[in-house]
Amino acid sequence: MWMKQGSLWQRITLLFCVVGLLGMQKAFAASARERLESIKNQTRRIESSVRLLRQSYRGQRTEGRVSLQKRLSDGQVNFLLGDYTSASVILLDAVEAKENRGKSGWLDANFFLAESLFKNGNYISAAKYYERIVNSRNRRFPDALIRLLEIANLTRKYDWINAKMPAISLDSISEEKRAQILYLQGKTFYAQDRFSDASQSFQRIAQNSQYWPQGQYFLAVIQLKTAPHPQNVENAIRFLKAGLGAARKPGEQSSAKRTRDLYNTILIALGRLYLEKNDYASALDYYQQVGRRSAVFDEALYEICWTYIRRGRDYKDLKKQRKEYDRALKSLNLLLDFLPNSTFYSQAQLLRGQLLLELDRFSPAMDGYNKIVKQYSSVYRELDQIKKN
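Let us look at the structure shown here. (Residues numbered from 1 in each chain as written. Predicted model: local features only at pLDDT ≥ 70, side-chain atom pairs only at ≥ 80, totals over all residues. Heavy atoms only, no water.)

Notes on the overall build of the protein
- Along the protein, the regular secondary structure elements total 18 helices and 0 strands.
- In the protein, buried positions account for 46% of the 389 residues.
- Long-range contacts, defined here as pairs at least 24 residues apart, represent 57% of the contacts in the protein between residues at least 6 apart.
- Surface exposure of the protein reaches about 21,900 Å², of which carbon and sulfur atoms provide 51%. (Helix = DSSP H or I, 4+ residues; strand = E, 2+ residues; numbered from the N terminus. Buried < 20%, exposed > 50% of the residue type's maximum accessible area, 1.4 Å probe, protein only. Contact = heavy atoms within 4.5 Å. Areas by Shrake-Rupley, 256 points an atom, 1.4 Å probe, with all protein chains shown as cover.)

Shown next, in the form of structure tokens:
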């Protein structure tokens, strides 16, 4: 027999239990009935997967031990098909079997096992196998190191990265992957409030890399966090403008959306900094460049409104002041009419009422306030009933 049946199925059962528990965590936010149904469905899927795997390898036990290359090939097929759980089960025993260590393909099996676990959200277990790849310095070393940095940022566990990264040379790595590693390393330093180390990492990113604009954004934030005085604000604006210029020219297609999101985020940041400097024209210029399909378009509209309000307050001339309030009201109406699901919606409703009062439009202001009361009083009653029950 190619493997002791007990050993294989014990590991399969253990792995599926782990995967099942991870999936079950997501169900606890739903109702009790939904949770129960979700657990039943997950259990059925696990049982089905175990049956398929048992059938797949039952006939092969009588033909001798399944080769490492066969397990690697089967694991890769399942991985490419998106069946990460089956890929994990197939590769686990091949990777952990002592007789396979050091053989051709063993490190590849470690890598695909780690990738399968990572895709399933089992980050801590995945890290163990990525560490093997990094320690071996084989051809998948850069990809494994990138994953370990991603895991550190996802789990907020930085012990391995802090201990091992200083001794790891990036000289033999391609320029783009080196830039990605420096960017992710900078994020780990930033998350630990090691702003000086983070700045050094971000500054080492090559300017022609797709990660350079993101590094510039973080450098701007670090400037504001470390010492928010006028000179640091100017430095932050300089970094943001540099990042904005680079983000205008997205590189490869796969990074285009991320670059657009970053571009709009930088526009919002520049608008805020100029607003704090009371440079209303520059603030409006950046806010108004935010794309209408952007995830932060509602935020831009809301802050455009406040820019007009603040500029209006600076005018002593009542006529000019009212004109700015009218402009603010138009921005709010855009948000309220076209973005009803915005997180700023309720704040915009209240602000609209205040602006209408400032403009002596009492009737529409009262209509707006009554609408808010009617809208949220039902929610209050439901919450009160829940509290009583």
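So, the packing of helix H15 (residues 297-314) against helix H16 (residues 318-338)
- For the pair H15 and H16, the least separation of the axes is 8 Å and the interaxial angle reads 170 degrees. Between H15 and H16, the crossing angle belongs to the class labelled roughly antiparallel. Mapping the contact onto sequence places Asp298, Leu301, Tyr302, Ile304, Cys305, Tyr308, Ile309, Arg311, Gly312 and Arg313 in H15 and Gln321, Glu324, Tyr325, Arg327, Ala328, Ser331, Leu332, Leu334 and Leu335 in H16.
- Across the contact of H15 with H16, the residue classes tally to 11 nonpolar, 3 polar and 5 charged. (Axes fitted to C-alpha atoms, helices over the stretch in contact; angles between N-to-C directions. Parallel < 35°, antiparallel > 145°, perpendicular 65-115°, else oblique. Nonpolar A, V, L, I, M, F, W, Y, C, P; charged D, E, K, R; others polar.)

Thoughts on the side chain of Arg140
- Looking at the element boundaries, Arg140 is found in the loop between helix H6 (123-136) and helix H7 (141-155).
- Residue classification places Arg140 among the buried positions, given a relative accessible area of 15%.
- Looking at Arg140, its side chain comes within polar contact range of the side chain of Asp108, at 3.0 Å.
- Setting aside residues up to four positions removed in sequence, Arg140 forms contacts with Asp108, Phe111, Phe112 and Ile133. (Polar contact = N/O pair within 3.5 Å; in protein donor to acceptor, adjacent residues only side chain to side chain.)

Focus: the packing of H7 against helix H9 (residues 175-191)
- Their axes nearest at 9 Å, the elements H7 and H9 cross at an angle of 20 degrees. On the basis of the axis angle, H7 is roughly parallel to H9. For the pair H7 and H9, the crossing hand works out as left-handed. Along the contact surface, H7 presents Pro142, Asp143, Leu145, Ile146, Leu149, Glu150, Ala152 and Asn153, while H9 presents Lys177, Gln180, Ile181, Leu184, Gln185, Lys187 and Thr188.
- For the contact of H7 with H9, a count of residues per class yields 7 nonpolar, 4 polar and 4 charged. (Left-handed = near helix turned anticlockwise from the far one by under 90°.)

Things to note about unusual backbone geometry
- Positive phi, normally seen in glycine, also occurs at Arg137, with a value near 55 degrees.
- Mapped onto the elements of the fold, Arg137 is located in the loop between H6 and H7.
- In the Ramachandran plot, Asp360 falls in the positive-phi region, its phi being about 60 degrees despite a non-glycine side chain.
- Take Asp360: it is sitting in the loop between helix H17 (345-358) and helix H18 (362-388).

Thoughts on the side chain of Thr188
- For Thr188, the position within the fold is in helix H9.
- Exposure remark for Thr188: the relative accessible area of 0% places this residue in the buried category.
- Once you skip the residues sitting within four places of it in the chain, Thr188 turns out to touch Leu149, Ala152, Asn153, Tyr158 and Ile161.

Topic: the nonpolar core
- Core analysis: the biggest nonpolar cluster contains 100 residues, and Tyr130, Leu145 and Leu355 have the highest contact counts within it.
- For this core, the leading source of residues is helix H13 (residues 256-276), giving 10 residues.
- Each residue touching Tyr130, except ones within four places of it in the same chain, is listed here: Phe111, Ala114, Glu115, Phe118, Ala144, Arg147, Leu148 and Ile151. (Core = buried A, V, L, I, M, F, W, Y, C linked by side-chain atoms within 4.5 Å.)

Describing the packing of aromatic side chains
- Throughout the structure, instances matching the rule amount to 15 aromatic pairs.
- On the basis of an interplanar angle of 10 degrees and a centroid distance of 5.7 Å, the ring pair of Tyr274 and Tyr286 is categorised as stacked. Taken as a pair, Tyr274 in helix H13 and Tyr286 in helix H14 (residues 280-287) lie far apart in primary sequence, 12 residues in all.
- For Tyr274, a relative accessible area of 8% puts it in the buried group.
- Ring-pair connections join several aromatic residues into one group, and the members of that group are Phe79, Tyr84, Phe111, Phe112, Phe118, Tyr123 and Tyr130.
- Directly above the ring of Phe141 sits Arg137, whose terminal nitrogen or CZ lies 5.0 Å from the centroid.
- Positioned above the aromatic ring of Phe239, the side-chain terminus of Arg238 is 4.7 Å from the ring centre. (Phe/Tyr/Trp six-rings, centres within 6.5 Å; stacked < 30°, edge-to-face > 60°. Lys NZ or Arg CZ within 6 Å of the ring centre and 35° of its normal.)

Details of the environment of Trp212
- Residue placement: Trp212 occurs in helix H11 (residues 212-226).
- Overall, the relative accessible area of 11% leaves Trp212 in the buried class.
- When the C-alpha atoms of Trp212 and Ala242 are compared, they prove to be 9.3 Å apart, with 30 residues separating the residues in sequence.
- Dropping the residues within four chain positions of it, Trp212 is found in contact with Ile205, Ala206, Gln207, Ala242, Gly243 and Ala246.

With respect to H17
- Along its 14 residues, H17 runs 20 Å from first to last C-alpha, staying within 8% of the 20 Å computed at 1.5 Å per residue.
- Among all positions in H17, only Tyr345, Ala348, Gln349, Leu351, Gly353, Leu355 and Leu356 are buried.
- Following H17 by one or two positions, Asp360 has its phi on the positive side, about 60 degrees. (Expected span 1.5 Å × (residues − 1).)

With respect to helix H10 (residues 195-203)
- Looking at H10, one finds that the buried residues are Phe195, Ala198, Ser199, Ser201 and Phe202. Viewed end-on, H10 has its buried residues packed into an arc of 165 degrees, placing them on one side of the element. Across H10 from its buried face, at more than 90 degrees, point the exposed residues Ser196 and Gln203.
- Lining the buried residues of H10 we find H9 and H11. (Arc of directions from axis to C-beta.)

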